[in-house]
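One letter stands for each residue in the lines below.
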Amino acid sequence: MKNISVIGTGYVGLVAGTCFAELGNNVICADVDLKKIESLNNGICPIYEPGLDELIGKNVKAKRLSFTTDLDKAVNDSDLIFIAVGTPPKESGEADLSYVERVARQISSFAKKPKIVVEKSTVPVETCEKIETVLNRNSNGISFEVVSNPEFLREGTAVEDFMKPDRVVVGCRSEHAKKEMEELYAPLKAPIIFTDVKSAEIIKHASNSFLATKISFINGVANLCEQVGADVEKVAEGMGYDKRIGRSFLYAGIGYGGSCFPKDVSAFVSICDKHGYDFALLKEVQKINKLQRINFIKKIESSLWVVKGKTIAVLGLSFKPNTDDMRDAPSIDIINALQSEGAVIKAFDPVAMEKAKPFLPKIQYCRDEFEACAKADALVILTEWPRFKKIDLKKLKQAMNSNIVLDGRNIFDQAEMKKLGFNYISIGR
Ligand code: NAD
């Protein structure tokens, strides 16, 4: 049992803190966002993440998990301090490390004893070195060790991913830190990869950039499939059976979005540029990703001919299913483009509508799929929520004003859509 604090109670910090508590540790989750902490202290989970609500309740009840805005207390009541604050992109594409730097200053000014500071946010290589410099510069002779422990959980399956990871990566220098981290993660029975600190930092950026590359690769293939009348779904299936390639992340669509891939690829490209290496492959990955959204908008425009005054039903707003996260969701760019041409947008998303409102204030939010599709001139699918795949397509068609369906996620069978009389336009087939 360890005393842990997690600074930053967002998608990563809240899940990590809760899961550490579930493993039997005493955990304090700290955040500067008073509203978030108040909501957690009132038993309300501020994010949608399957299974998280129950786990928080259980561990708060067992007195292993608490929430505070008091960073001083969080720091001094713990031996291991995890940094899980945001590292958003700057205009230049570089990671904005100001939140991380601020937390480092705060830890060093509050800590009254030596601590192990574990960097969990996704950061460019050499950040831990800088954190250690800040910690030791501002402290009163107290020593800190900084460990890199990148997080690989995915929103939508975060609890499961955290509790059953493919691997845990730990970059550290001392035997003491290694032992602490080994003991902490032992109950997960997952492989723990111990490396030097810089390699651990690169593992995270390299992993996300590789996955983004797989997505852009299959989107590139999809573009050829469209030109020659092949089916990218079949191509991906045929490729995916090869164990060296694998089926995951070979899904053509409107490109990757969310709070991680776009910013992590940009940050990786930036840090490479900074060190004199032009990672041109990744720049192409970014270019293909951007083009997927633009090409999809063009498909909508050409199928409607005139967009102005048309009512477009949109199903799915979050950047992927099973999350309410709207950060860099393709829906934002696509809907903004259609609205700027004079389209009326009626949208439905099973969980992301509240979080979507600040990003998309001028659309009509609907109760369900059928309300969104009522009298619509086209239906556009932007997120592959499982419930959309099971929708009553006959009923949907009756509700619409036309038969046009543009599917950015390839969720329907082409032959069936044709049989039902839809003008069905998807990606790469
Ligand atoms: P988030 O925006 O949901 O949460 C960050 C939290 O940090 C916010 O609640 C914010 O109020 C808080 N914060 C900022 N400054 C603070 C301070 N000085 N003291 C205390 N709290 C402070 O972000 P997130 O999605 O949880 O991501 C956090 C990090 O983890 C990022 O680096 C991200 O790239 C990485 N990551 C995210 C995911 C994911 O799926 N979201 C997965 C793996 C890694």
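Residues numbered from 1 in each chain as written. Predicted model: local features only at pLDDT ≥ 70, side-chain atom pairs only at ≥ 80, totals over all residues. Heavy atoms only, no water.

1. Remarks on the packing of helix H9 (residues 197-228) against helix H11 (residues 261-274)
- Orientation of H9 relative to H11, taken along the N-to-C sense of each, is 115°, at an axis distance of 9 Å. At the point where H9 passes H11, the crossing takes the left-handed sense. Where H9 approaches H11, its residues Ile 202, Lys 204, His 205, Ala 206, Asn 208, Ser 209, Leu 211, Ala 212 and Ile 215 are matched on the opposing element by Phe 261, Asp 264, Val 265, Ala 267 and Phe 268.
- Along the lines of polarity and charge, the residues of the contact of H9 with H11 split into nine nonpolar, three polar and two charged. (Axes fitted to C-alpha atoms, helices over the stretch in contact; angles between N-to-C directions. Helix = DSSP H or I, 4+ residues; strand = E, 2+ residues; numbered from the N terminus. Left-handed = near helix turned anticlockwise from the far one by under 90°. Contact = heavy atoms within 4.5 Å. Nonpolar A, V, L, I, M, F, W, Y, C, P; charged D, E, K, R; others polar.)

2. Side note on unusual backbone geometry
- The backbone of Lys 189 sits at a positive phi, close to 55°, despite the residue not being glycine.
- With respect to the element layout, Lys 189 can be found in the loop between helix H8 (175-185) and strand E8 (192-195).
- Even without being a glycine, Asp 328 presents a positive backbone phi close to 50°.
- Its place among the elements puts Asp 328 in the loop between strand E9 (311-315) and helix H13 (330-340).
- Residue classification places Asp 328 among the partly exposed positions, given a relative accessible area of 36%. (Buried < 20%, exposed > 50% of the residue type's maximum accessible area, 1.4 Å probe, protein only.)

3. A few points about the pairing of strand E6 (residues 144-148)
- Where burial is concerned, most of E6 is hidden: five out of the five residues are buried.
- Covered by surrounding structure in E6 are Phe 144, Val 146 and Ser 148 together with Glu 145 and Val 147, the residues of both alternating faces.
- In terms of strand pairing, strand E5 (residues 115-119) meets E6 through five bridges, oriented parallel. When the sheet's bridge partners are listed, Val 118 is paired in E6 with Val 147. (Pairing = 2+ DSSP bridges.)

4. Some details on the site of the ligand
- Around the ligand, 28 residues are found, and the nearest of them are Asp 31, Lys 36, Thr 87, Glu 155 and Lys 263.
- In the environment of the ligand, an oxygen atom lies 2.6 Å from a nitrogen or oxygen atom belonging to the side chain of Thr 87.
- Take Thr 122: an N or O atom from its main chain is 2.9 Å from an oxygen atom of the ligand.
- Calculation on the ligand without its partners gives an accessible area of 830 Å², and the protein chains cover 91% of this total. (Near = heavy atom within 4 Å. Polar contact = N/O pair within 3.5 Å; in protein donor to acceptor, adjacent residues only side chain to side chain. Areas by Shrake-Rupley, 256 points an atom, 1.4 Å probe, with all protein chains shown as cover.)

5. Quick look at the sheet that holds E9
- Pairing within the open sheet is parallel, and its six strands lie in the order E11-E10-E9-E12-E13-E14. On the outer flanks of this sheet lie strand E11 (364-365) and strand E14 (423-425), each paired with one strand and no other.
- By the bridge criterion, four bridges tie E9 to strand E12 (residues 378-381) in an arrangement that is parallel. Bridged to Val 314 within E12 is Val 380.
- Relative to strand E13 (residues 404-407), helix H12 (residues 280-304) is tilted by about 175°, and along the sheet it contacts E9, E12, E13 and E14.

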